[in-house]
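Close look at the chain arrangement
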Amino acid sequence: AQSVTQLDSQVPVFEEAPVELRCNYSSSVSVYLFWYVQYPNQGLQLLLKYLSGSTLVKGINGFEAEFNKSQTSFHLRKPSVHISDTAEYFCAVSEVDDDYKLSFGAGTTVTVRA
Amino acid sequence: DAGVIQSPRHEVTEMGQEVTLRCKPISGHDYLFWYRQTMMRGLELLIYFNNNVPIDDSGMPEDRFSAKMPNASFSTLKIQPSEPRDSAVYFCASSFLGATEAFFGQGTRLTVV
C-alpha cells in the first residue's frame, strides 16, 4: 500500500514571495502523483499531476512540481504567491493500474499575508 | 458537463437520525469514489464502485455506513444511525477507464448534533 507524508502542516508566506510545499511518498510499485488545492469551503481542485516523462510538471495558477524518484518526493513550488493562493494543499498518490484510488497526505495550509 | 454533483451541500441532523448523501457522477464515468475529510484523519477513501459494483469497501468505518449505486448516474451514502463523530465533509469523485485523474464534487458538509 502507498502512503503520503506532507512535511509541513502550516506554511505562512508573504505576498510575492516564493513557496515550496514538501511531499514524500512510499510505494512498492509505480505511482501517479497529484497536487490538489482546496479553497475555504470548496471542493478539491487538481493543480497538477505527474504520470510519466518529464519530471518537472507545470500546473495551473503558476504552480509547478518536480518528481524525484530517488528521493520519492514530489514537492510543489510557486515563485511568487498571491493572497488568493491562501488555501489547503494536498499531495496524493495512486498506484498505476489500481483503479484511480487516491491516498492523500494530511494537507498543508498556506496562508499568504500582504 | 456540470461535473460531479453532490447533494445536499450542507446537512445538519440530530444524533440517531438517518442521513443520506447523494452523488451524480460525470456522465460516461464508470468509477465512483466516496471520500471523507475530517480534521483527525484527513481525506480517506470509504468505498468505490466500478460499473455500479462495489469493489472495495474496506474504508467504510462501521456497519452504520452503507453505499449503493443503483445505476450509472446515481450513488448514495447512508449513515444509520448517525453519531456526532460522523461529522465531516464527504466527497464524491468519478473517473473512467483510461483517465489519469479523478474528478471531485464540491462535497457535503455533515454536522451531527
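The structure under discussion appears in the preceding block.
Here we summarise the structure given alongside this text. What you see is a predicted model; the values in this text were computed from it and never measured.

Along the backbone of chain B there are zero helices and eleven strands. The linear arrangement of helices and strands in chain B, starting from the amino end, is β-β-β-β-β-β-β-β-β-β-β. For a compact globule of 113 residues, the expected C-alpha radius of gyration is about 13 Å, and chain B comes in at 13 Å, within 12% of that figure. Each principal axis of the C-alpha atoms in chain B carries an extent, and together these give about 40 × 25 × 25 Å. Here chain B holds 113 residues, and 48% of them are scored as buried.

For the rest of this paragraph, the subject is the state of the cysteines. All names here are of chain A. All chains considered together, the criterion is met by two disulfides over all chains. At a sulfur-sulfur separation of 2.0 Å, the disulfide partner of C23 is C91. Residues C23 and C91 share a disulfide whose torsion about the S-S bond is about -65°; that sign makes it left-handed. Taken together, the positions of C23 in strand β4 (residues 23-26) and C91 in strand β10 (residues 87-95) put the pair 68 residues apart, joining distant regions of the chain.

Time to look at the interface of chain A and chain B. Taken together, the 16 residues of chain A in the interface contact 23 residues of chain B. Carbon and sulfur atoms supply 53% of the area buried between chain A and chain B, which totals about 1700 Å² over both sides. For the pair chain A and chain B, the number of links is two salt bridges. A salt bridge links K49(A) to E101(B), with the nearest nitrogen and oxygen atoms 2.8 Å apart. Counting across the chain A and chain B interface gives four residue pairs in polar contact (both at pLDDT 80 or more). When residues of the side of chain A that touches chain B are traced back to their parent elements, those giving at least two are β5 (31-38) and β6 (45-50) of chain A. Sorting elements by how many residues they give to the side of chain A that touches chain B places β5(A) first, with three residues. Residues belonging to the side of chain A that touches chain B are distributed by class as follows: nine nonpolar, four polar and three charged.

Of all hydrophobic cores here, the largest spans 27 residues; its most connected members are W35(A), L48(A), L76(A) and Y89(A). Each residue touching Y89(A), except ones within four places of it in the same chain, is listed here: Q6(A), L21(A), W35(A), Y36(A), V37(A), L47(A), F63(A), L76(A), G107(A), T108(A) and V110(A). Formed by 21 residues, the second largest nonpolar core is a distinct cluster that contains L21(B), F49(B), I79(B) and L110(B).

Let's shift gears to the layout of surface pockets. Computed from the structure, the largest pocket encloses a volume of approximately 670 Å³. Forming the walls of the largest pocket are 33 residues, and the residues nearest its centre are Q38(A), E88(A), F90(A), Q37(B) and M39(B). Taken as a whole, the second largest pocket spans an internal volume of roughly 250 Å³. Among the elements that line the lining of the second largest pocket, the one with the most residues is strand β5 (residues 42-50) of chain B, at five residues. In terms of residue class, the lining of the second largest pocket is built from six nonpolar, four polar and five charged.

What follows deals with empty space enclosed by the protein. Under the counting rule described, the total for this entry stands at one cavity of 30 Å³ or more. One number sums up the size of the largest cavity: a volume of about 40 Å³. If you go around the largest cavity, the residues you meet are Y32(A), F34(A), S94(A), Y100(A), L102(A), T100(B), E101(B) and A102(B). Class assignment for the residues of the lining of the largest cavity results in five nonpolar, two polar and one charged.

Each value, and the rule that gives it
Throughout, a residue's number is its position along its own chain's written sequence, starting from 1. Just so you know, chain letters begin at A and ligand numbers begin at 1, following the order they were written in. With pLDDT at 70 or above as the cut-off, local features in this predicted model cover only qualifying residues; side-chain atom pairs require 80 or more to be listed or tallied, and sums for whole chains, interfaces and linings still use all residues. Note that water and hydrogens are dropped before the side-chain values are worked out from all heavy atoms of the structure. Strands are runs of DSSP state E lasting at least two residues, helices are runs of H or I lasting at least four, and both sets are numbered from the N terminus onward. Atoms counted for the radius of gyration: C-alpha only. Globule rule: 2.2 Å times residue count to the power 0.38. The buried label applies to any residue whose accessible area, calculated with a 1.4 Å probe on protein chains only, is under 20% of its type's maximum; exposed applies above 50%, and partly exposed to all values in between. Here, the term disulfide refers to a pair of cysteine sulfur atoms separated by no more than 2.5 Å. Residues are treated as being in contact if the distance between any of their heavy atoms lies within 4.5 Å. Put simply, buried area is the surface a 1.4 Å probe can reach on two separate parts but cannot reach once they are joined, added for both. By definition here, a salt bridge exists when the distance from a side-chain nitrogen of Lys or Arg to a carboxyl oxygen of Asp or Glu is within 4 Å. N or O atoms closer than or at 3.5 Å make up a polar contact, with two conditions inside protein: a donor-capable atom paired with an acceptor-capable one, and, for residues adjacent in sequence, both atoms drawn from side chains. Gly is placed with the polar residues, together with every amino acid not listed as nonpolar (Ala, Val, Leu, Ile, Met, Phe, Trp, Tyr, Cys and Pro) or charged (Asp, Glu, Lys and Arg). Residues enter a nonpolar core if they are buried and are Ala, Val, Leu, Ile, Met, Phe, Trp, Tyr or Cys, with the set joined through side-chain atoms within 4.5 Å. Buried and open spaces are told apart on a 1 Å grid over the protein atoms alone, a cavity being a set of points where a 1.4 Å probe fits but cannot get out and a pocket being an open set with protein on both sides within 12 Å along at least five of seven lines. Residues with an atom within 4 Å of a point are the lining residues. Grid points are joined across faces, edges and corners, and a volume is the space filled by probe spheres set on the points.

Spatial relationships are all this shows, so hold off on functional conclusions.
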